[in-house]
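# Geometric and topological summary
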Amino acid sequence: GDRLSNLPEPIIHHIFSFLETIDVVRASAVSRRWRYFWLSIPYLNFNIHNIWSNPLERWSLEKINEKFKDFVNWVLLSQNGSINIQRFLLSCFNCVDDYTLYRWLNAVAQRNVQVLDLDIISEEPIKLPRCLVTCESLMSLKLDFGNREHQGILDIPSTSLNRLKSLDLKHVELLDHSFFLKLISSSPFLENLIMDSCRFSDLRILDISSASLKSLTLDRIEFGGDEFGSYKLKIACPNLVSFNIFALLLPDITLEGLNSLQNTFVFLEDIGEHMEDIEICHRLSKILNGLCGVEVLKLSSTLYEVCFHIFHCDVT
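What this report covers is the structure whose coordinates are included nearby. (Residues numbered from 1 in each chain as written. Predicted model: local features only at pLDDT ≥ 70, side-chain atom pairs only at ≥ 80, totals over all residues. Heavy atoms only, no water.)

## Description of the side chain of arginine 111
- By secondary structure assignment, the location of arginine 111 is in the loop between α5 (98-110) and β3 (115-120).
- No salt bridge is formed by the buried arginine 111. Its closest oppositely charged neighbour is glutamate 9, at 11 Å.
- Ignoring anything within four residues of it in the chain, the contact list for arginine 111 reads Leu76, Gln79, Asn80, Gly81, Ile83, Asn84 and Ile85. (Helix = DSSP H or I, 4+ residues; strand = E, 2+ residues; numbered from the N terminus. Buried < 20%, exposed > 50% of the residue type's maximum accessible area, 1.4 Å probe, protein only. Lys, Arg positive; Asp, Glu negative; His and termini not counted. Salt bridge = Lys/Arg side-chain N within 4 Å of Asp/Glu carboxyl O. Contact = heavy atoms within 4.5 Å.)

Right, dumping it as structure tokens:
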């Protein structure tokens, strides 16, 4: 018999959650029971690079954009609006105007989206609509606005991240860094913060303060074109458990009240050639002084690796 169709609907939803939405729609032709299944699935995954893989070479960019927008609009309008969206993934290049994007985000916010993943390459600043940022159901937000050579510009409205627990930013340039840092400190449920290849213009000190943050990862943060080295980093997160930083040079880090910290990983691509030995020692001593209660501290670079454990020290 058809064992897959006989499974409980939540399990079938979970299995289909690993598929592109276009494939879930196509599956409606496979089984009579699946004919309208896509209308109620709470996982939506739209990827412009995969939906029309065969005709991409024959269609113009404008044609691809229009087909993609038509498909997303059709699915959102056809689905049962009372079904809450557990995860919404959107991956596209600069193909949607602000009105279309905001309309999509407003639709998923009204359907109580829990996980939102936006991968958009755009030359223009992207401002998150207020309805999304204040969405009470949103638990996880992941934004990727570019690639290694380009960072998309993010503008966040003046509000707090109500119920957000996880924030993952990649290839993002923040327009108002002072407001962003205040937003992090005022978000009461934020536990996980990842910043990868993000850029802060005209910022001298990156001050991250949060009473709720438990995990922090900083990977290749840029300051006006320069990476860590000539700028300062200050972290004051009393409930932080895990801290990872990946940088070109050893940053000037000030750590305050990290009483809950258990694991720290500092990876440096380069050290020694662009910095005096006395400055390296000074910065390392500041890190060690701020991590007196940590269980595992790992310092690694292309030249050496040092791993400190609570009971012994292993140097390789």
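Next comes the rest of the description.
## Here we look at the nonpolar core
- Residues Phe88, Leu90, Leu167 and Phe180 are the most contacted members of the largest nonpolar core, which totals 88 residues.
- In terms of residue count, helix α4 (residues 61-78) provides more of this core than any other element does, six residues in total.
- Residues in contact with leucine 90, not counting those within four places in the same chain, are Phe46, Phe68, Leu101, Trp104, Asp117, Leu118, Asp119 and Ile120. (Core = buried A, V, L, I, M, F, W, Y, C linked by side-chain atoms within 4.5 Å.)

## Examining the pattern of salt bridges
- Throughout the structure, instances matching the rule amount to eight salt bridges.
- With its nearest N and O atoms 3.9 Å apart, the salt bridge here joins glutamate 191 to lysine 214. With glutamate 191 in the loop between α7 (177-185) and β9 (192-196) and lysine 214 in the loop between β11 (205-209) and β12 (215-219), this pair connects stretches of sequence that are 23 residues apart.
- The class of lysine 214 is partly exposed, set by a relative accessible area of 40%.
- The shortest N-O distance in the salt bridge between lysine 234 and glutamate 256 comes to 3.8 Å. Remark: glutamate 256 occurs in the loop between β17 (252-255) and β18 (263-268) and lysine 234 occurs in strand β15 (residues 232-236); sequence separation between them is 22 residues.
- For glutamate 256, a relative accessible area of 37% gives the class partly exposed.
- Among the charged side chains, a salt-bridge network with shared partners connects Glu173, Arg199 and Glu222.

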